[in-house]
Amino acid sequence: MSAKPSVLSVRHVSKTYRLTAGMMAPVRQINAVNDVSLDLREGEVLGLIGESGCGKSTLSRLLLGLEAPSAGDVFLNGRPISSLSRKEIARVLQPVFQDPYSSLNPRETVEQAVSRPLQVHGIGDRAAIRRKVAETIDAVGLPRRALASYPSQLSGGQRQRVAIARALILEPRILICDEPTSALDVSVQAQILNLLSELRRSANISLILISHNLQVVQFLADRVAVMYVGKIIEEGPAAQILRAPAQAYTRRLLASALDIAPGKGIPLLDNEVAAVA
Amino acid sequence: MTATEMSESQPVLAVRDMHVRLPHRAGIVHAVRGVSFDLHRGETVCVVGESGCGKSMSAMAILNLLPRGARREAGAISFLGEDVLNAGERRMSELRGDRIGMIFQEPLTALNPSLTIGEQLMEVFRRHRPNRKGEARERAVDMLTQVGIPDPRERLSQYPHQLSGGLRQRVVIAMALMCEPTMIIADEPTTALDVTIQAQILRLLIDLKDRFGLALLLITHDLAVASRVADRIVVMYAGEVVEEAETAAFFAAPRHPYARGLMGCLPSAQAHGSGAPLQIIPGTVPSLIGEISGCAFRERCPEAEPACRSDVALRDLGGRSARCVHAGLEEAVA
Ligand SMILES: Nc1ncnc2c1ncn2[C@@H]1O[C@H](COP(=O)(O)OP(=O)(O)OP(=O)(O)O)[C@@H](O)[C@H]1O
Ligand SMILES: Nc1ncnc2c1ncn2[C@@H]1O[C@H](COP(=O)(O)OP(=O)(O)OP(=O)(O)O)[C@@H](O)[C@H]1O
Ligand code: SF4
Ligand SMILES: [Mg+2]
Ligand SMILES: [Mg+2]
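Residues numbered from 1 in each chain as written. Chains lettered and ligands numbered in written order. Predicted model: local features only at pLDDT ≥ 70, side-chain atom pairs only at ≥ 80, totals over all residues. Heavy atoms only, no water.

Novice: Please provide a residue-by-residue account of the site of ligand 1, values included.
Specialist: All names here are of chain A. For ligand 1, the set of nearby residues contains 13 residues, the closest of which are S52, G53, K56, S57 and T58. In the environment of ligand 1, an oxygen atom lies 3.2 Å from a nitrogen or oxygen atom belonging to the backbone of C54. With respect to ligand 1, the backbone of G55 contributes an N or O atom lying 2.9 Å from an oxygen atom. Within the complex, 65% of the 640 Å² of free accessible area of ligand 1 lies under protein. For the shell around ligand 1, the secondary-structure elements that each account for two or more residues are β1 (6-19), β2 (28-41) and α1 (56-63). No other element matches the 4 residues that α1 contributes to the shell around ligand 1. Grouping the amino acids of the shell around ligand 1 by side-chain chemistry returns 5 nonpolar, 5 polar and 3 charged. (Near = heavy atom within 4 Å. Polar contact = N/O pair within 3.5 Å; in protein donor to acceptor, adjacent residues only side chain to side chain. Areas by Shrake-Rupley, 256 points an atom, 1.4 Å probe, with all protein chains shown as cover. Helix = DSSP H or I, 4+ residues; strand = E, 2+ residues; numbered from the N terminus. Nonpolar A, V, L, I, M, F, W, Y, C, P; charged D, E, K, R; others polar.)

Novice: Just give me the short version of the sheet that holds strand β7 (residues 174-178) of chain A, but keep the residues and values in it.
Specialist: All names here are of chain A. Strand order across the open sheet formed by 6 strands is β6-β7-β8-β3-β9-β10, with mixed pairing between neighbours. Of all the strands in the sheet, the pair left with one neighbour each is β6 (93-96) and β10 (231-237). Averaged over all pairs of adjacent strands, the angle between their axes in this sheet comes to 15°, without regard to strand direction. Bridging between β6 and β7 involves 4 bridges; their strand directions are parallel. What sits directly across from Q94, in β7, is L175. Against the sheet, helix α9 (residues 248-255) engages β3 (45-49), β9 (223-228) and β10, with an angle of about 105° to β9. (Pairing = 2+ DSSP bridges. Axes fitted to C-alpha atoms, helices over the stretch in contact; angles between N-to-C directions. Contact = heavy atoms within 4.5 Å.)

Novice: Can you tell me about the site of ligand 3, naming the residues and giving the values?
Specialist: Residues and elements named next belong to chain B. The environment of ligand 3 is formed by 13 residues, the closest being C295, C301, C308, C324 and H326. Because more than half of its atoms lie within 2 Å of the grid, ligand 3 is assigned to the largest cavity. Per-class residue counts for the shell around ligand 3 are 9 nonpolar, 2 polar and 2 charged. (1 Å grid on protein atoms, 1.4 Å probe; cavity = no way out; pocket = protein on both sides within 12 Å on 5 of 7 lines; lining within 4 Å. Sits in = over half its atoms within 2 Å of the grid points.)

Novice: Describe the pairing of strand β9 (residues 215-219) of chain B, with residues and values.
Specialist: Residue and element names in this part refer to chain B. With 5 of 5 residues buried, β9 lies mostly within the body of the structure. Burial along β9 is two-sided: the face carrying A215, L217 and I219 and the face carrying L216 and L218 are both buried. Bridging between strand β3 (residues 44-49) and β9 involves 4 bridges; their strand directions are parallel. Of the residues in β9, the one forming a bridge with T44 is L216. Where strand β8 (residues 183-187) lies against β9, 5 bridges are found, and the strand directions are parallel. Bridge pairing links M183 to A215 in β9. (Buried < 20%, exposed > 50% of the residue type's maximum accessible area, 1.4 Å probe, protein only.)

Novice: For the nonpolar core, give the residues involved together with the corresponding values.
Specialist: Within the largest apolar cluster, 159 residues are counted, with the highest numbers of intra-cluster contacts made by I173, M183 and I233 of chain B. Sequence-distant contacts of I173 of chain B, defined by excluding residues within four places in its chain, comprise I103, V147, I201, L204, L205 and L208 of chain B. Counting 28 residues, the second largest nonpolar core, distinct from the first, contains V10, L38, L59 and I81 of chain A. (Core = buried A, V, L, I, M, F, W, Y, C linked by side-chain atoms within 4.5 Å.)

Novice: Break down the interface of chain A and chain B for me, citing the residues and quoting the values.
Specialist: Taken together, the contact pairs 53 residues of chain A with 51 residues of chain B. Roughly 4,200 Å² of surface becomes buried between chain A and chain B when both sides are summed, with 57% attributable to carbon and sulfur atoms. The three residues of chain A that bury the most area against chain B are V186, I260 and I266 of chain A, which together make up 15% of that side's buried surface. In this structure, the connection of chain A to chain B is made through 1 salt bridge. Ionic pairing is found between R228 of chain B and D259 of chain A, a salt bridge with its closest N-O pair at 2.6 Å. Among the secondary structure elements, those contributing two or more residues to the side of chain A that touches chain B are α5 (156-168), α6 (186-203), α7 (214-220) and α10 (272-275) of chain A. (Buried area = accessible area lost by both parts, 1.4 Å probe. Salt bridge = Lys/Arg side-chain N within 4 Å of Asp/Glu carboxyl O.)

Novice: Any details on the packing of aromatic side chains? Residues and values, ideally.
Specialist: All names here are of chain B. Counted according to the given criterion, the structure contains 5 aromatic pairs over all chains. Centroid distance Y258 to F297: 5.4 Å. Interplanar angle 70°. Geometry classified as edge-to-face. On the criterion of sequence distance, the pair formed by Y258 in helix α12 (residues 257-264) and F297 in the loop between α12 and β12 (315-316) is long-range, its members being 39 residues apart. Across the pair, exposure class does not vary: Y258 and F297 are buried alike. (Phe/Tyr/Trp six-rings, centres within 6.5 Å; stacked < 30°, edge-to-face > 60°.)

Novice: Requested: an account of empty space enclosed by the protein, with residues and values cited.
Specialist: Residues and elements named next belong to chain B. In the structure shown here, the tally under the stated rule is 4 cavities of 30 Å³ or more. Forming the walls of the largest cavity are 14 residues, and the residues nearest its centre are C295, C301, C308, C324 and V325. The residue makeup of the lining of the largest cavity, split by class, is 9 nonpolar, 2 polar and 3 charged. In this structure, the second largest cavity spans a volume of roughly 60 Å³. Elements with a contribution of two residues or more to the lining of the second largest cavity: β2 (27-39), α2 (55-63), β9 and β10 (232-237). No other element matches α2, which puts 4 residues into the lining of the second largest cavity. Looking at the lining of the second largest cavity, its residues break down into 10 nonpolar, 1 polar and 1 charged. (Points joined across faces, edges and corners; volume = space filled by probe spheres on them.)

Novice: Give a detailed account of the sheet that holds strand β7 (residues 100-103) of chain B, specifying residues and quantitative values.
Specialist: All names here are of chain B. Reading across from one edge, β7-β8-β9-β3-β10-β11-β13-β12 is the order of the 8 strands in this open sheet, with mixed pairing throughout. Each having just a single partner strand, β7 and β12 make up the two edges of the open sheet. Where β10 and strand β11 (residues 240-246) come together, 6 bridges link them in antiparallel fashion. Within the sheet, the bridge partner assigned to R232 lies in β11 and is E246. Contacts between helix α8 (residues 165-177) and the sheet are confined to β7 and β8, with β7 contributing the most and set at about 170° to the helix. Each of β3, β10 and β11 is contacted by α12, which is oriented at about 100° to β10, the strand it contacts most.

Novice: Provide a residue-level description of unusual backbone geometry, including the pertinent values.
Specialist: Phi is positive for N77 of chain A, close to 50°, though the residue is something other than glycine. The residue N77 of chain A is located in the loop between β4 (71-76) and β5 (79-80) in this model. A positive phi angle, near 50°, is found at D17 of chain B, a position not held by glycine. By the secondary structure assignment, D17 of chain B is in strand β1 (residues 13-24). Relative accessible area serves as the criterion here: at 39%, D17 of chain B is assigned to the partly exposed category.

Novice: For the environment of R127 of chain B, give the residues involved together with the corresponding values.
Specialist: Of note, R127 of chain B is situated in helix α5 (residues 117-128). C-alpha separation for the pair R127 of chain B and E94 of chain B, spaced 33 residues apart in sequence, amounts to 8.8 Å.

Novice: I'd love a proper account of helix α4 (residues 126-139) of chain A, names of residues and values included.
Specialist: Residues and elements named next belong to chain A. Along its 14 residues, α4 runs 20 Å from first to last C-alpha, staying within 8% of the 20 Å computed at 1.5 Å per residue. Among the residues of α4, I129, K132, V133, A134, T136 and I137 are the ones counted as buried. G141 lies just past α4 and shows a positive phi near 75°. (Expected span 1.5 Å × (residues − 1).)

Set out below in structure tokens:
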């Protein structure tokens, strides 16, 4: 395992936001990410779990180079991400965001949205772009007829598949998926999970998977990191963390996963008290 | 409460043979194709089904909130015995926000960013209860309390962006409750929220439903959630209802091959760490442009046979129903 090179690494990164509640109110600071160090190895799936507001999405924005850390460094293939251009990063590293509503331009058809990255990077002639777009649309399980649709004409789950197709079209080496299937029904979720798993096997893609669905993490992840108020509190092989977590917090998190249980209602979760804010 | 509302057997909502057609570049999308179901007082019905199968369009059609250019047709849509299919938009706008509460996936679209929480809650009440305007403020505080929002009085003067996603969705629920609705239609109300918040919001909805005897139509793609909160499950596929059953019976033995396929897709249904791919339902939903003849699932169905090429009616299986040529034959064998 340790022989594989690290494709994305963070060293002691922190991100602090300043909050001003009003003109007269004192400035408060939020340590959204607090001294995190992590390595993503080639061909590996790293699951990142933790409750709402613990800093997962903030960390993913730092990893994508979309925001600069307040302290610490992010390295992409050994080079500081701050020294790379937008385009250089996009060729190897692509995000898939949770929200399929705001991540698509309402004025672009699916075909335009999915082919745009190829045009921006000047890859392929017209025919090659068409072919590649069609292949990618097939791969995410969208019917070809969806190509002519605008986002408003698609259902929520269909839009998320468009977002995934757009991330895959440049054949990136690393995907950072923030809740990639939480808007999808189970049959589409299964297709997307198989697709991600297949990409890893056939193209040796590395993946950071942020998900609150522990079954999804369990299916895909080799390693799991547990985040709690901005810090990684536990990290290790997925089987070990998900079956025998060392931290009480992780145990509570695992207990909150819902399974099929007719008539059982929604149980009161231990960690809910902390979440009411 | 009127005499008709009191009647036990009369459903709160009855939908019969509802169709929705939408214009699209490539032709007319027949998104909802003859949907029928009932919803009773105090009951939770969950609608599940593949993305794009027409769940949201069905909800929008009932509420008369379809996108521009869409056409709705139905044998009947009645709410508390009243014909709302032919009632017209003026009557519907009286019912929406009053007797019918609505909760959508993204709370931000339901809230006006430039008005305070208090203004929005009070506005709903004043519009529907013009002769009780003076009570609006107290009612708003009361509803915020009911949905578990701390410091409700202070919240009245806050704007939506000053609240977290979970709190915003609570405000939307409070708004849906302002006029004591008889029915709530909730379309993926917790999809955009984290698990912990999701659990709170769902528990809140169920609790309110029990306390106020509401009828709840809940659209969700989460089978675990549906199993835990629904009294009945309605499964949609390609714009049609393909199965309907009481929750326990449904999860014990779904009768439609599509519903069985859905259960098989759950990551928990697979052997852990086996490395094997998840079971999927091969193929994609058929185009909803133009008419579909025969069973809409047959291209993907492992049990398809020549008879499936003819139209398949929803079969009554005694307290449940399924739209499949094999439905009902299992018992004969057993
Ligand atoms: N731009 C910002 N300005 C101020 N505070 C922010 C900003 N972005 C995030 N935060 C705060 O940082 C903390 C971490 O947020 P983040 O979105 O990373 O959490 P998360 O783990 O992704 O949560 P969720 O599971 O709900 O998506 C939260 O307290 C959040 O309110
Ligand atoms: N404005 C529109 N114009 C044309 N077609 C539309 C429009 N909105 C939705 N559709 C189509 O109607 C069908 C039903 O969409 P609907 O939004 O009801 O699906 P859904 O079951 O709610 O799916 P999801 O679970 O993904 O939200 C889909 O095939 C969709 O592509
Ligand atoms: S009617 Fe035929 S094709 Fe349709 S679900 Fe039943 S067996 Fe499958
Ligand atoms: Mg997040
Ligand atoms: Mg929908």
